[in-house]
Amino acid sequence: MNVILAIDLGTTGNRVIAFSENGTVVSKSYYEFPQIFPQPGWVEHDPFDIWNTVKRALTDVAAAVGPENIAAIGITNQRETTILWDKSTGKPVYNAIVWQCRRTASQCDRLREHAGFIKQRTGLFLDPYFSATKIKWILDHVEGARQKAENGQIIFGTVDTWVLWNLTGGAAHATEPSNASRTLCFNIHTLRFDDDLLRIFDIPETLLPEVKESGADFGHTAKKLLGREIPITGILGDQQAAFFAHGGWQEGVIKNTYGTGLFVVTSTGDQIPNSGKLVNTIAWSIDGKVTYALEGSVFIGGAAIQWLRDGLKIIQSAGESEPLAVSLPDNEGVYFVPALAGLGAPYWDPSARGTFLGITRGTGPAHFARAALEAIAYQSKDVIEEMRVVTRGDAFRKLAVDGGAAQNNFLMQFQADILPMTVERPVVTETTAFGAAGLAGITSGFWTREQFLEARKVDRVFTPEMDDQTRGAYYSRWKEAVERALRWAG
Ligand code: ADP
């Protein structure tokens, strides 16, 4: 047996990748599935679309590598997305309500008095983003659902749980702490679903999955699926899987995913430090040991570049932003606060709006491109500075990066300069899948942790070169720019 399979359950599509022992991608397959927008602000998926695309991708990859060569399977997934289904028929009660869906905003407003208590128990903010109010919405809006849930006929899962249940032919109804800790019902101190929280959200305990460790025996694929039973030995939410892929269990590692948004994660070991601006979450639970993490999400990261391309049309491809930015000696005083969807961590201001400052008659596309790329780096620094405050330390050793915009060398060098911190970019671009494969492979004995780290090859390291004075000047100007963007629509 010479490969580990990762099943990467994304928001727009599902991917299966086979990794060899030295970390090479041996085979992969990807299928998109439809996004359903029933009303403004609502987002759904058909759970059967999710499962059918997984099945197809899995069949493709198993055929390419030979089912007999697959040592184990790991799963990573879009988090928080909520599915309820009938456990005897396997039929969903309602479409999957996706993490992006805002339909339960008013429900959250009504529970506002509990927000402090909820943060203390779950580490999360009371927000429609997380699963609890989505579960309640389905129970309240689908006829007979609540009754059936109370009778134990209907069960709940995040996407990992739904796919695991289908992979195992209905044998396993389970999840693990990195996903459970995103439901808003999970007590991150006791590592159990919490009765008080379930009462607040009016959710019956009967529908909840078993919570195993992240590296565990989750069962095996049903024989009819691939002609052979293959063990499933690891599950992690997408951001935690990416963090795992970067060796996040080592001291002083921060990871940042530069995709549409920015997702910054660092470990806090066995501590749950108090933070009003960042989410406390569970990185993973392995070998009886839970690792906690701090997470900061920024809404607009690479999307700022997308907007220059598709909205303003001043560039034709995202990659073009790099030569434009380096064509200037510096930003020439132009700043862009890309609060195009309000501001997330660490500002949390939904009424902030996008702002350009410092424009003159000499300003052109290069300034816009440079300001947008710099903004990605400043926003990441804002989150990392908050992490420094919360962890009361400056022990961070390196920023490990992934995601589409991490390919931009100007951005990575500027990020290293402005933090200042070493920025390390690995060769593997499928970081999330690689993390899931890593956990499954380590749990099944395919890799040791050291062997897995060796399989992660570094592409390029960016070291800080900027002098302190210049850095200070840039960053304080950015902070001023943010001040002017805050509360604009409020
Ligand atoms: P997601 O998984 O969120 O869809 P990806 O990791 O695929 O995101 O990254 C896509 C994002 O990265 C887009 O927003 C795009 O604008 C940005 N991007 C891609 N390549 C570059 C580049 N060379 N420079 C800057 N931004 C880039």
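Residues numbered from 1 in each chain as written. Predicted model: local features only at pLDDT ≥ 70, side-chain atom pairs only at ≥ 80, totals over all residues. Heavy atoms only, no water.

Moving on, we come to the packing of helix 13 (residues 365-390) against helix 17 (residues 468-485). Where helix 13 contacts helix 17, the two axes come as close as 11 Å, and the packing angle between them is 90 degrees. One way to sum up the angle between helix 13 and helix 17 is to call them roughly perpendicular. Residues Arg-370, Glu-374, Ala-375, Tyr-378, Gln-379, Lys-381, Asp-382 and Glu-385 of helix 13 lie in contact with helix 17, whose contacting residues are Tyr-474, Tyr-475, Trp-478 and Lys-479. In terms of residue class, the contact of helix 13 with helix 17 is built from five nonpolar, one polar and six charged. (Axes fitted to C-alpha atoms, helices over the stretch in contact; angles between N-to-C directions. Helix = DSSP H or I, 4+ residues; strand = E, 2+ residues; numbered from the N terminus. Parallel < 35°, antiparallel > 145°, perpendicular 65-115°, else oblique. Contact = heavy atoms within 4.5 Å. Nonpolar A, V, L, I, M, F, W, Y, C, P; charged D, E, K, R; others polar.)

Take the sheet that holds strand 21 (residues 422-426) next. If you trace the seven strands from one edge of the open sheet to the other, you get 16-17-15-14-20-21-22, paired in mixed fashion. Both edges of this open sheet fall to strand 16 (279-286) and strand 22 (458-462), since each of them pairs with a single strand only. The mean angle between the axes of side-by-side strands here comes to 25 degrees, regardless of whether they run parallel or antiparallel. Of the pairings in the sheet, the one linking strand 21 to strand 22 comprises four bridges and is antiparallel in character. The partner of Pro-426 across the bridge, within strand 22, is Val-458. Each of strand 14 (253-258), strand 15 (262-269), strand 16, strand 17 (289-298) and strand 20 (398-402) is contacted by helix 10 (residues 238-245), which is oriented at about 60 degrees to strand 16, the strand it contacts most. (Pairing = 2+ DSSP bridges.)

If you trace the five strands from one edge of the open sheet to the other, you get 3-2-1-5-13, paired in mixed fashion. Each edge of the open sheet carries a strand with a single partner, namely strand 3 (25-32) and strand 13 (232-237). Strand-to-strand, the axes of this sheet are offset by a mean angle of 15 degrees, without reference to chain direction. Two elements, strand 1 (residues 3-9) and strand 2 (residues 13-20), share seven bridges in a ladder whose sense is antiparallel. When the sheet's bridge partners are listed, Leu-5 is paired in strand 2 with Ala-18. In this fold helix 6 (residues 159-167) packs onto strand 1, strand 5 (70-77) and strand 13, with an angle of close to 145 degrees to the strand it touches most, strand 5.

Right, let's get into the state of the cysteines. The tally for this structure, following the rule as stated, stands at zero disulfides. Its sulfur unpaired, Cys-101 is 11 Å from the next cysteine sulfur, which belongs to Cys-108. Judged by relative accessible area, which is 0%, Cys-101 ranks as buried. Its relative accessible area of 0% is what places Cys-108 among the buried residues. (Disulfide = S-S within 2.5 Å. Buried < 20%, exposed > 50% of the residue type's maximum accessible area, 1.4 Å probe, protein only.)

As a further point, take the nonpolar core. Counting 58 residues, the largest nonpolar core has Tyr-258 and Leu-399 as its most contacted members. Top element by residues in this core is helix 13. It accounts for 13 residues. (Core = buried A, V, L, I, M, F, W, Y, C linked by side-chain atoms within 4.5 Å.)

This part takes up the packing of aromatic side chains. All told, the structure shown has 28 aromatic pairs when counted by the stated rule. On the basis of an interplanar angle of 40 degrees and a centroid distance of 6.5 Å, the ring pair of Tyr-378 and Tyr-475 is categorised as tilted. Residue Tyr-378 is found in helix 13, and its partner Tyr-475 is found in helix 17; the two are separated by 97 residues along the sequence. For Tyr-378, a relative accessible area of 1% puts it in the buried group. On the basis of relative accessible area, Tyr-475 is assigned to the buried category, the value being 14%. (Phe/Tyr/Trp six-rings, centres within 6.5 Å; stacked < 30°, edge-to-face > 60°.)

Applying the stated criterion across every chain, the model contains 29 salt bridges. Of the charged contacts, one joins Lys-28 and Glu-430 as a salt bridge, the two residues approaching to 3.3 Å between their closest N and O atoms. Of the two residues, Lys-28 sits in strand 3 while Glu-430 sits in the loop between strand 21 and helix 15 (431-444), which places them 402 residues apart along the sequence. Among the residues examined, Glu-430 registers a relative accessible area of 14% and is labelled buried. With its nearest N and O atoms 3.3 Å apart, the salt bridge here joins Arg-388 to Glu-385. On the criterion of helical spacing, the pair formed by Arg-388 and Glu-385 is a turn pair, its members being three residues apart in helix 13. Since its relative accessible area comes to 13%, Arg-388 is described here as buried. (Salt bridge = Lys/Arg side-chain N within 4 Å of Asp/Glu carboxyl O.)

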